[in-house]
Amino acid sequence: MTANGMKASLQRIESRLCLVTALLLAASVGGCMTYDPFNQAIDATSPAAQRTEALTRTDLAYPRWEDFPVAPQNVPTTTDIRNRVVGLETAELQLGREVSALQWTLTPDDAGPWAERTRNRVDLRLARPIDAEAAAAASAWAQRMRERAEPPPPIRY
């Protein structure tokens, strides 16, 4: 194929492409032109027809300015909010200094008093081992509960 032949076939492709593009553009513009946004007709077969008609009636009462709530009173200014934030940050720094000053580990000298305080806080009735009768009663109660229990139905997928 010669250069002139290739040029002629490219021109045919370009002209066909332009023709297809023009047809598509005309079809889409034609579709847009057939839509009428001012058409007030409501499709009576639509399930939302009654609700749509009720919402678009022209005799609806529109809210008046008197119906809107008044502007809030005693709203903190930006300076008040900033002061609160600065106060909170200061309290946070103070708390951080107090926590960092705490001694978090016990020394051998602290072990005796700490252990004594802990023993005094423990209820001796709850700390002693259970006897055989209590263990048997607990096991019997657990068995009765297992027998009473009804499993849920299986899940069907």
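Residues numbered from 1 in each chain as written. Predicted model: local features only at pLDDT ≥ 70, side-chain atom pairs only at ≥ 80, totals over all residues. Heavy atoms only, no water.

## Side note on the overall build of the chain
Inference 1: Within the chain, the secondary structure is distributed over 6 helices and 0 strands.
Inference 2: Burial status across the chain gives 2% buried among its 157 residues.
Inference 3: On the chain, roughly 15700 Å² of surface is accessible, and the fraction owed to carbon and sulfur atoms is 62%. (Helix = DSSP H or I, 4+ residues; strand = E, 2+ residues; numbered from the N terminus. Buried < 20%, exposed > 50% of the residue type's maximum accessible area, 1.4 Å probe, protein only. Areas by Shrake-Rupley, 256 points an atom, 1.4 Å probe, with all protein chains shown as cover.)

## Comments concerning the confidence of the model for the chain
Inference 1: Averaged over all residues, the pLDDT of the chain is 83; the fraction at 70 or higher stands at 86%.
Inference 2: Per-residue pLDDT, averaged within each element of the chain, yields its smallest value for helix α1 (residues 3-34) (70) and its largest for helix α3 (residues 78-101) (96). (pLDDT = per-residue confidence, 0-100.)

## Considerations on a nonpolar patch on the surface
Inference 1: Among the surface-exposed residues, L95, V99, L102 and W104 lie close enough to one another that they form a single nonpolar patch of about 450 Å² accessible area.
Inference 2: Along the chain, W104 turns up in the loop between α3 and α4 (108-121). (Patch = residues over 30% accessible without salt bridge, like charges linked within 9 Å, V, L, I, M, F, W, Y side chains within 5 Å. Salt bridge = Lys/Arg side-chain N within 4 Å of Asp/Glu carboxyl O.)

## A look at the pattern of salt bridges
Opposite charge on two side chains permits them to pair, given that their charged atoms come into close proximity.
Inference 1: If you walk through the whole model with that rule in mind, you get 4 salt bridges.
Inference 2: The partner of E66 in a salt bridge is R64, with the nearest N and O atoms 3.9 Å apart.
Inference 3: Note that R125 and D123 form a salt bridge whose closest N and O atoms lie 3.1 Å from each other.
Inference 4: Exposure remark for R125: the relative accessible area of 58% places this residue in the exposed category.
Inference 5: For D123, a relative accessible area of 32% translates into the label partly exposed.
Inference 6: A cluster of three or more residues bridged by salt bridges with shared partners is formed by R64, E66 and D67.

## Points about unusual backbone geometry
Inference 1: Positive phi is not limited to glycine here, since N74 has a value of about 55°.
Inference 2: You can see N74 is positioned in the loop between α2 (49-55) and α3.
Inference 3: The exposure class of N74 is exposed, given its relative accessible area of 79%.

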